[in-house]
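# Geometric and topological summary
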Amino acid sequence: MRSALHPDFGDPAQVLCLADSPLPEPGPGQVRIKTLLAPIHNHDLWTIRGQYGYKPTLPAIGGSEAVGVVDALGEGVEGVALGQRFAVAAVHGTWAEYFIAPAKLLVPLPEAIADEAAAQLIAMPLSALMLLEYLQVQPGDFVLQNTANGAVGKTLAMLAAARGINTINLVRRDQGVAELAELGIANAVSTAQAGWQDKVRAIAGDAPIRAAIDSVGGTAAGDLLALLGENGLLVSFGSMTGEPMQISSGDLIFKQATVKGFWGSTVGASLSVDEKRRLIGELLRLAASGELKLPVEAVFDLADAAQAAAASLQPGRKGKILLRP
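Cut-offs applied
- Residues numbered from 1 in each chain as written.
- Predicted model: local features only at pLDDT ≥ 70, side-chain atom pairs only at ≥ 80, totals over all residues.
- Heavy atoms only, no water.
- Buried < 20%, exposed > 50% of the residue type's maximum accessible area, 1.4 Å probe, protein only.
- Helix = DSSP H or I, 4+ residues; strand = E, 2+ residues; numbered from the N terminus.
- Contact = heavy atoms within 4.5 Å.
- Pairing = 2+ DSSP bridges.
- Phe/Tyr/Trp six-rings, centres within 6.5 Å; stacked < 30°, edge-to-face > 60°.
- Lys NZ or Arg CZ within 6 Å of the ring centre and 35° of its normal.
- Axes fitted to C-alpha atoms, helices over the stretch in contact; angles between N-to-C directions.
- Left-handed = near helix turned anticlockwise from the far one by under 90°.
- Nonpolar A, V, L, I, M, F, W, Y, C, P; charged D, E, K, R; others polar.

### With respect to helix 12 (residues 305–312)
Of all eight residues in helix 12, six are buried, a share of seventy percent or more. All buried positions along helix 12 are accounted for by Ala305, Ala306, Ala308, Ala309, Ala311 and Ser312. On its buried face, helix 12 is in contact with strand 1 (2–6), helix 1 (12–15), helix 2 (42–49), strand 15 (296–301) and strand 16 (320–324).

Spelled out as structure tokens, the structure:
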């Protein structure tokens, strides 16, 4: 089968190549999926660099999420039909014509959800929804987030709106405000503008900002903390700059603020089957209704995976980069 693999760890744009790989066979409790579309996530690229928590055996086929149809059933698999369409995440080797997935991870899809949305429906949106619940905010509350025009930021804003939670969405470029507006996301503020903090305060009015999400690190974390209300929660979701969070001890003390980290793998592992089913059901409903929009920037052939990886790293993207076998 055709596959996009990397024989070494390194820059994805340099090490990814088209290869002919053996057709995988499903083991007990597994299915083989014929790939329709697969997204390129940041954690996929970190894995290829050899800098992620999971380090595959080389040569390795990239990818961790996809939409596809069941092509073969392993021993003991029940309730799954050949040809049935599913979304699946937290797997390996989806950048290929076929891949193996545990049957228990399959998410059946309604016809109302197109392949382009289904391909990216689980990993990032589920992280965003778990993060929203992690904040323990209520309808009417305000949440402040930076990198709001990233995949998780956009998704969190849409999920929050569906629950009646207000988000204030910080972007680093003026163009980012218009990009969010195209998706129906309001309360966007560009930090490239002088006095942006005053705009944030004006949006919230007299209401305190209950929680803030930092995906940048460095001084950006301190900017969020300074805007938090009393007893607010600051969550570290990532560090785009790679710098430690720089926060004011005065703000931390006098606001009686709490600072916590969020890692989707750990939080997801703590969820019960019923809790995870409830969250995925919410994602399916919102995607089918159009309240959750999952735009696509471009679709590349597997043979062009290296160029696709480079495109995924370009700033100003309006949607996900997908691969088609």
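### Remarks on the environment of alanine 211
Relative to the assigned elements, alanine 211 resides in strand 12 (residues 209–214). For the pair alanine 211 and threonine 167, spaced 44 residues apart in the sequence, the C-alpha separation amounts to 9.7 Å. When sequence neighbours within four positions are dropped, the list of residues in contact with alanine 211 reads Leu135, Val137, Phe142, Val143, Leu144, Leu228 and Leu233.

### Some details on the sheet that holds strand 2 (residues 17–20)
Reading across the sheet, the three strands line up as 2-1-4 and stay open at both edges, with antiparallel pairing between neighbours. Each edge of the open sheet carries a strand with a single partner, namely strand 2 and strand 4 (60–61). Across two bridges, strand 1 lies against strand 4 in antiparallel orientation. Its bridge partner being in strand 4, leucine 5 is matched across the sheet by isoleucine 61.

### Considerations on the packing of aromatic side chains
In this description, an aromatic ring pair is defined by two values, namely the gap between the centres and the angle between the planes. Counted according to the given criterion, the structure contains two aromatic pairs. Members of the aromatic cluster, joined through ring pairs, are Tyr134, Phe237 and Phe262. The ring of tyrosine 98 carries arginine 32 above its face, with NZ or CZ at 5.7 Å from the centroid. Just above the ring of tryptophan 46 sits the side chain of arginine 49; from NZ or CZ to the centre is 4.7 Å.

### Concerning the packing of helix 4 (residues 123–134) against helix 11 (residues 273–289)
In the contact formed by helix 4 and helix 11, the axes pass within 10 Å of each other and the chain directions differ by 115°. With respect to the hand of their crossing, helix 4 and helix 11 are arranged in right-handed fashion. Facing helix 4, whose interface residues are Pro125, Leu126, Leu129, Met130 and Glu133, helix 11 presents Arg278, Leu279, Ile280, Glu282 and Leu283. Its residues assigned to classes, the contact of helix 4 with helix 11 comprises seven nonpolar, no polar and three charged.

Bear in mind that shape data such as this cannot, by itself, settle questions of function.
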